[in-house]
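Chains, contacts and geometry: an overview
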Amino acid sequence: MIDKLDFLLALAREQHFGHAAEACGVTQQTLSAGVKQLENRFGVQLVLRGSRFQGFTPEGERVLAWARRIVADARAMHEEVTGLRRGLTGHLRIAAIPTALPMVARLTTPYRERHPDVRMTIASATSTDIFSLIENLEADAGITYLDNEPLGRVVTVPLYQERYRFVTAVGGPYDGRDSVTWAETGRVPLCLLTPNMQNRRIIDQQIRAAGAEPAATLESNSMIVLVSHVRTLRWASIMPEVLVDALGAIAGLRAIPITAPDVVHSIGLVAPRREPSTPMVTALVSVARHLAQTMSAEAPGLRA
């Protein structure tokens, strides 16, 4: 039953029979037969079929919701039983918004010190995608905004407050200033993250609230791309303070505080609210809470 429910979850993720079968390591015929067996067992059609996958029936959506819970519980049980015998092992998957990636090592490093047999994968994702990945059991936890958009049913651990800096080249706009206003940032050509990023939505909202219109003439989902373009003297950018600090001093660039107002947003860990939780996620939440205490005692830009 668990294997067949896994087939259903893979089909929901991949939206394609062949790709779902490949993800599960079985043939497409085996996956289709497994789904058909589920349908026979429940006595209802779960999947809309044609020449290709067309979605789930209403009954299929309900079975899918139960499948996520049952498969998650089965994985948690397996982790816990295995951990009792061998210590914590397995694969921990964390999805993080791009602006938070520089601080992820502060979470994963102490985690590895406590649990050296756990393998970790860190993926960059939008805030919206993070919750989808967690719901579909493709990520075990995420690092994202906690106070700007709905979170859903998750455990949260605030880590730090995101503040913003106007990043310009030496000789570029406002180079000699100690601070700039949000209205002023809307008067120069900017290179910013793409609109599907919550960081970009926050910046656009703030500039508009100051009575200006964001002048984004270049967009990218890579912070490295943004930095490289700022250095050309043809663009400026707005970046979180934690990212600027992680990059360190870069020759030819200045990071100027943005005031009027001093905007902050909470960044933290999110994990599924399940009882019992998987041992790996429980351990991650514990490390995150300890890190939050450490970061709250540091520089103002990192206070939780």
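Shown above is the structure to which this text applies.
Residues numbered from 1 in each chain as written. Predicted model: local features only at pLDDT ≥ 70, side-chain atom pairs only at ≥ 80, totals over all residues. Heavy atoms only, no water.

1. A closer look at the nonpolar core
Membership of the largest hydrophobic core comes to 57 residues, with the highest contact counts inside it found for Tyr111, Ile143, Leu159, Phe166, Ile238 and Leu269. Top contributing element to this core by residue count: helix α11 (residues 279-296), with 10 residues. Leu11, Leu38, Phe56 and Val71 belong to the second-largest nonpolar core, a separate cluster that totals 23 residues. (Core = buried A, V, L, I, M, F, W, Y, C linked by side-chain atoms within 4.5 Å. Buried < 20%, exposed > 50% of the residue type's maximum accessible area, 1.4 Å probe, protein only. Helix = DSSP H or I, 4+ residues; strand = E, 2+ residues; numbered from the N terminus.)

2. Details of the packing of helix α2 (residues 17-24) against helix α3 (residues 28-42)
One can describe the packing of α2 onto α3 by two numbers: an axis separation of 8 Å at closest approach and a directional angle of 100°. The orientation of α2 relative to α3 falls into the category roughly perpendicular. Side by side, α2 and α3 meet where Phe17, Gly18, Ala20, Ala21 and Cys24 of the first sit next to Gln28, Leu31 and Ser32 of the second. For the contact of α2 with α3, the residue count by class is 5 nonpolar, 3 polar and no charged. (Axes fitted to C-alpha atoms, helices over the stretch in contact; angles between N-to-C directions. Parallel < 35°, antiparallel > 145°, perpendicular 65-115°, else oblique. Contact = heavy atoms within 4.5 Å. Nonpolar A, V, L, I, M, F, W, Y, C, P; charged D, E, K, R; others polar.)

3. Observations regarding the packing of helix α1 (residues 2-14) against α2
It is at 8 Å that the axes of α1 and α2 come closest, and there the two elements cross at 125°. Taken together, the axis directions place α1 and α2 in an arrangement best described as oblique. Here the hand of the crossing between α1 and α2 comes out right-handed. On the side of α1, the interface is formed by Asp6, Phe7, Ala10, Leu11 and Glu14, while α2 contributes Phe17, His19, Ala20, Ala23 and Cys24. Class assignment of the residues belonging to the contact of α1 with α2 gives a composition of 7 nonpolar, 1 polar and 2 charged. (Left-handed = near helix turned anticlockwise from the far one by under 90°.)

4. Points about unusual backbone geometry
Positive phi values are uncommon outside glycine, yet Tyr174 reaches one of about 60°. Among the secondary structure elements, Tyr174 is positioned in the loop between β7 (164-169) and β8 (180-181). Of note in the backbone geometry, Leu233 takes a positive phi value of approximately 75° without being a glycine. Relative to the helices and strands, Leu233 is located in the loop between α9 (223-230) and β11 (237-240). According to the relative accessible area criterion, Leu233 is partly exposed, its value standing at 48%.

5. Looking at empty space enclosed by the protein
Under the definition given, this model contains 1 cavity of 30 Å³ or more. Along the walls of the largest cavity sit Ile97, Pro98, Thr99, Thr126, Ser127, Tyr145, Leu193, Met197, Gln198 and Asn199, which together make up its complete lining. Among the residues making up the lining of the largest cavity, the classes are represented as 5 nonpolar, 5 polar and no charged. (1 Å grid on protein atoms, 1.4 Å probe; cavity = no way out; pocket = protein on both sides within 12 Å on 5 of 7 lines; lining within 4 Å. Points joined across faces, edges and corners; volume = space filled by probe spheres on them.)

6. Some details on the pattern of salt bridges
A full pass over the atoms with the stated rule returns 11 salt bridges. For the salt bridge of Arg13 with Glu138, the shortest nitrogen-to-oxygen distance reads 3.8 Å. On the criterion of sequence distance, the pair formed by Arg13 in helix α1 and Glu138 in the loop between α6 (127-135) and β5 (141-145) is long-range, its members being 125 residues apart. Residue Glu138 is classed as partly exposed on the basis of its relative accessible area of 31%. In this structure, the salt-bridge partner of Arg200 is Asp204, at a minimum N-O distance of 3.0 Å. Taken as a pair, Arg200 and Asp204 lie in helix α8 (residues 198-209) at a separation of 4 residues, close to a single helical turn. Taking relative accessible area as the criterion, Asp204 reaches 11% and is therefore assigned buried. Because the salt bridges share partners, they merge into one network encompassing Arg200, Asp204 and Glu219. (Salt bridge = Lys/Arg side-chain N within 4 Å of Asp/Glu carboxyl O.)

7. Regarding a nonpolar patch on the surface
On the surface, Met1, Phe42 and Val44 cluster together to form a nonpolar patch covering roughly 230 Å² of accessible area. Its relative accessible area of 41% is what places Phe42 among the partly exposed residues. (Patch = residues over 30% accessible without salt bridge, like charges linked within 9 Å, V, L, I, M, F, W, Y side chains within 5 Å. Areas by Shrake-Rupley, 256 points an atom, 1.4 Å probe, with all protein chains shown as cover.)

8. Thoughts on the sheet that holds strand β6 (residues 154-162)
Within the open sheet, the 5 strands sit side by side as β4-β3-β5-β13-β6. Their pairing is mixed. Strands with a single pairing partner mark the edges of an open sheet, and in this sheet they are β4 (118-124) and β6. Going from strand to strand, the sheet's axes swing by 20° on average, the running direction of each strand aside. With 3 bridges joining them, strand β3 (residues 90-96) and β5 adopt parallel strand pairing. Counted as the bridge partner of Ala96 is Ile143 from β5. Docked against the sheet, α6 engages β3, β5, β6 and β13 (265-272), running at close to 155° with respect to β5. The strands touched by α11 within the sheet are β3, β4, β5, β6 and β13, with β6 carrying the most contacts at an inclination of about 30°. (Pairing = 2+ DSSP bridges.)

9. Considerations on the side chain of Glu39
Looking at the element boundaries, Glu39 is found in helix α3. If sequence neighbours within four positions are ignored, Glu39 has contacts with Val44, Gln45, Leu46, Val47 and Arg49.

10. Considering the layout of surface pockets
If a probe as big as a water molecule is rolled over the atoms, it shows which places are left empty. As a volume, the largest pocket reaches approximately 730 Å³. For the lining of the largest pocket, the elements supplying multiple residues, two or more each, are α4 (58-86), α6, β6, β13 and α11. Examining the composition of the lining of the largest pocket, we find that 6 residues originate from one element, α4, more than from any other. Partitioned by chemical class, the residues of the lining of the largest pocket number 11 nonpolar, 3 polar and 9 charged. Counted as a void, the second largest pocket has a volume near 440 Å³. In this structure, the second largest pocket is lined by 22 residues; those nearest its centre are Arg75, Glu79, Asp140, Thr278 and Met280. Contributing elements (two or more residues each) for the lining of the second largest pocket: α4, β3 and α11. The leading source of residues in the lining of the second largest pocket is α4, at 7 residues. Class assignment for the residues of the lining of the second largest pocket results in 9 nonpolar, 7 polar and 6 charged.

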